[in-house]
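Chain by chain, the residues run as shown.
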Amino acid sequence: MRDIEIKLGGFTMKCIFQTTILLLALVIFATTGLAGDQTFPMPKDMTRLLPVQADGVLGISSLEELDGLWLEVMPLEMGEEDVSLLPVLKDLLLGFEDMIDPGKPLLLTTRILSSMDNQGVLFTLILPMKDEDQDLAHVEGFEKFLIVREGDYIGVSTDPDWQPAGEKPTWAKELKDGLLTASLDLESIVETYGCMIEMGLGAMESQAQGGTGLDVSTSVEESLAMVRMLRALVESVAGMEIILNHDDQSIGKDFIFSTKPGSPFAPGPQPSFEESLNLTRFMPGGEELLVVAALDQSAQMDILSGYYLATIHSEMATMDSETAERYALWYTDYLNAMEVGFLPTALTIRFEKDNSSFQNLILSGEVQEDWQRLIHIIDGLHDLGIGVDLSRIDGDEIDGHEILGWAVTWQEGEIQNMFDSGLNIPQDDPLLASELMGLFRFVPGNIYMSQVDDYILTCGGSSPDLMKQLVRNVAKGKGQVDPRVKKALKKGGSGMQMVTVGDLNAIGQVLLEIGEEFSEEENSEDEFSWPIDHPLPFQQWMEINGADYLIHLEMEKSGIREMIQALIEVE
């Protein structure tokens, strides 16, 4: 991806994309699943070799099983010798690959040195041996390591202070079970490098206070806000885990990000997911993507809003005074209206050949106030005149419920002007306005809003038909909750806050079509062809348990194999 800053009539595209990036970040950050309560299996001989301290851990329950899973999801026509993981793991095994038992668990642990004059990472590798009497003398370079044998296992370490604990230390009792599991003690690492981190942040802060931004495109105010965000993050982090598991049909991956309770980035109190689940009763179905969320991130926005407010002043410097004042007021209102996005909501998205459509339903406790806030934001965006024109169109009415409408029009002339006025990209890496316009075809042509009782309804499409359908469904007040979301709830835990289900095939096809807009082969006559013509379902969910964010992604093995095959064929 190219780092591009585009001028648009006094605005940079940074200010336009920030809204999109922020919304995407919220969706991506908010998707999690619990990895289970079992711990990683450790034979007794392995346990006796565990180091007392481990800042990072990588566990593989079976190299054979991991390699078998990898081969299972690779395209069938690819030769095993070309895609096997075992040769890739040879560097990890330090020359012991021919001696170990690939069917038993192994561990790699790391310890970070705390000495200011001796920074570095020490590792200890605990390996299962095929033969406990195996001669290790011929292993090349083995004299560089400490080697301790315990029954069927050996420990190989670069840590001169390594002493096997003899029993399970705390970190081993907390290591999650999985075919592959990795854990990083971020709190310990921050503590180890605390002085260096503070020196770095202090230097960044001093540089900004001295009147110099962190880089040429960042203002002093933005730089100071960035330092405050980084400090808040450092104060918040506790740990990070990744767990890979599978069954006969599916593969699941869990990502767990742990924060310190009460810290700036800790999750905070969350609304009931049950209210969001009930919203799916009104969704008509047929979408390629369904997102159901009850996720309050107001605590995080308190931190992030400082940076986003700082960007306002940076953008204002490029505008005339009247436009700058109007923009500052709109952007402040927009950040305040982000609270509406933290209410229980359900969103569906459909992808078509040259565009997309969506239906969004929000349950509000202050529906009139939130309704007016959203209308004010949309109307205000039109008044800014930044290359996208949102103008009121004749709405409609159904069963006594008013439907408001806006037409979305991208101004190609203004976009072309930004190229004529100069771009912050290399001359040998041109980006044409027509290519950028190609991306906008995926944005719905019209936006519609309506209100039914305590629900705010928003739809995007070529006509108000989707809105009429949604209004009717909500007004009737009957329907069945989405079974896919209920299935995710059964698999997950009590802290569920977001579920995303859909068709990965449709999403992948759209992303590749967008990539085609920026293809380097501008005059290529090859017609884009996507080889899969049926859905590939996936599910992703998020849980918040205490101060932990947990993200789960799951998909059938056959679907993963088909996606890999499709990407190979397109390439």
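All of these numbers come straight from a predicted model, not from anything done at the bench.

Caption draft 1: Here's a closer look at the overall build of the protein. Scanning the protein from N- to C-terminus turns up 19 helices and 20 strands. Burial status across the protein gives 47% buried among its 571 residues. Taking as baseline every contact in the protein between residues at least 6 positions apart, the subset at least 24 positions apart corresponds to 73%. In the structure as shown, the protein presents an accessible area of about 27900 Å², 52% of it carried by carbon and sulfur atoms.

Caption draft 2: Examining the packing of helix α8 (residues 194-209) against helix α9 (residues 220-236) more closely. Packing of α8 against α9 brings their axes to within 8 Å, and their N-to-C directions diverge by 165°. The angle between α8 and α9 falls in the class roughly antiparallel. As α8 runs across α9, the sense of the crossing is left-handed. Listed contacts from α9 to I197, E198, L201, G202, M204, E205, A208 and Q209 of α8 are V220, S223, L224, V227, L230, R231 and V234. For the contact of α8 with α9, a count of residues per class yields nine nonpolar, three polar and three charged.

Caption draft 3: Broad picture of the pattern of salt bridges. In this structure the tally under the stated criterion is 15 salt bridges. The residue R111 makes a salt bridge to D159 at a minimum N-O spacing of 2.7 Å. In this pair, R111 is assigned in strand β4 (residues 106-112) and D159 in the loop between β7 (153-157) and α6 (170-174), connecting sequence segments 48 residues apart. Each member of the pair, R111 together with D159, is buried. It is possible to trace a salt-bridge network through shared partners that takes in R111, D159 and D161.

Caption draft 4: Region of interest: a negative patch on the surface. There is a patch of like negative charges on the surface, built from E174, D185, E187 and E191. Considering the arrangement of structural elements, one finds E187 in helix α7 (residues 186-192).

Caption draft 5: A look at helix α3 (residues 63-73). For α3, the set of buried residues is L63, L66, D67, L69 and V73. Along α3, the residues classed as buried sweep out an arc of 155° about the axis, all on the same side. At the N-terminal end of α3, a side-chain oxygen is found 3.4 Å from the backbone nitrogen of E64, two or three residues along, and the residue is S62.

Caption draft 6: Spotlight on the pairing of strand β17 (residues 455-461). In terms of burial, β17 is a largely internal element, seven of the seven residues being buried. The alternating pattern of β17 places Y455, L457, C459 and G461 and I456, T458 and G460 on opposite faces, both of which are buried. The sheet contact formed by strand β13 (residues 356-363) and β17 spans six bridges and is antiparallel. Paired with L361 across the two strands is L457, which belongs to β17. Pairing geometry for strand β16 (residues 446-452) and β17, over seven bridges, is antiparallel. Residue pairing in the sheet places Y448 in a bridge with C459 of β17.

Caption draft 7: Main features of helix α19 (residues 557-570). Between the first and last C-alpha of α19 there are 20 Å, a value that for 14 residues agrees with the 20 Å anticipated at 1.5 Å per step. Every buried residue of α19 is accounted for by K557, G559, M563, Q565 and A566.

Caption draft 8: Quick peek at the pairing of β4. Of all seven residues in β4, six are buried; the element is thus mostly enclosed. Pairing of strand β3 (residues 56-60) with β4 involves five bridges; the strand directions are antiparallel. Counterpart to G56 in the pairing with β4 is T110. Here six bridges tie β4 to strand β5 (residues 121-128), and the two strands are oriented antiparallel to one another. What sits directly across from L108, in β5, is L125.

Caption draft 9: Highlighting the confidence of the model for the protein. Residues with a pLDDT of 70 or more make up 77% of the protein, whose mean pLDDT is 80. Across residues 1-36, confidence stays below pLDDT 50; counting only partners more than four residues off in sequence or on other chains, it has 105 contacts. Overall, residues 421-430 carries pLDDT values under 50, and its contacts beyond four positions in sequence, including any with other chains, amount to 14 contacts.

Caption draft 10: Representation of the packing of α3 against α19 in the model. It is the contact of α3 with α19, at a shortest axis distance of 8 Å, that shows an interaxial angle of 60°. Considering their axes alone, α3 and α19 lie oblique with respect to each other. Counting all contacts with α3, which are made through L69, E72 and V73, the residues of α19 involved are K557, I560, R561 and I564. Looking at the contact of α3 with α19, its residues break down into four nonpolar, no polar and three charged.

Caption draft 11: Structural view of the environment of S206. Relative to the helices and strands, S206 is located in helix α8. Each C-alpha atom, one on S206 and one on L224, is 9.1 Å from the other, the two residues being 18 residues apart in sequence.

Caption draft 12: Examining the environment of A324 more closely. In this structure, A324 sits in helix α12 (residues 321-337). Remark: the alpha-carbon pair of A324 and I312, spanning 12 residues in sequence, is separated by 8.7 Å.

Caption draft 13: Looking closely at the side chain of S258. Looking at where S258 falls in the secondary structure, it is placed in strand β10 (residues 250-259). Once you skip the residues sitting within four places of it in the chain, S258 turns out to touch S236, V237, A238, G239, A547 and D548.

Caption draft 14: Local environment of the packing of aromatic side chains. By the definition in use, this model includes six aromatic pairs. Ring centres of Y331 and Y334 lie 5.9 Å apart, and the angle between their planes is 70°; on these two criteria the pair is classed as edge-to-face. On the criterion of helical spacing, the pair formed by Y331 and Y334 is a turn pair, its members being three residues apart in helix α12. In this pair, the class of Y331 matches that of Y334, namely buried.

Here is what the cut-offs are and how they apply
Residues numbered from 1 in each chain as written. Predicted model: local features only at pLDDT ≥ 70, side-chain atom pairs only at ≥ 80, totals over all residues. Heavy atoms only, no water. Helix = DSSP H or I, 4+ residues; strand = E, 2+ residues; numbered from the N terminus. Buried < 20%, exposed > 50% of the residue type's maximum accessible area, 1.4 Å probe, protein only. Contact = heavy atoms within 4.5 Å. Areas by Shrake-Rupley, 256 points an atom, 1.4 Å probe, with all protein chains shown as cover. Axes fitted to C-alpha atoms, helices over the stretch in contact; angles between N-to-C directions. Parallel < 35°, antiparallel > 145°, perpendicular 65-115°, else oblique. Left-handed = near helix turned anticlockwise from the far one by under 90°. Nonpolar A, V, L, I, M, F, W, Y, C, P; charged D, E, K, R; others polar. Salt bridge = Lys/Arg side-chain N within 4 Å of Asp/Glu carboxyl O. Patch = residues over 30% accessible without salt bridge, like charges linked within 9 Å, V, L, I, M, F, W, Y side chains within 5 Å. Lys, Arg positive; Asp, Glu negative; His and termini not counted. Charge placed at Lys NZ, Arg CZ, Asp CG, Glu CD. Arc of directions from axis to C-beta. Polar contact = N/O pair within 3.5 Å; in protein donor to acceptor, adjacent residues only side chain to side chain. Pairing = 2+ DSSP bridges. Expected span 1.5 Å × (residues − 1). pLDDT = per-residue confidence, 0-100. Phe/Tyr/Trp six-rings, centres within 6.5 Å; stacked < 30°, edge-to-face > 60°.

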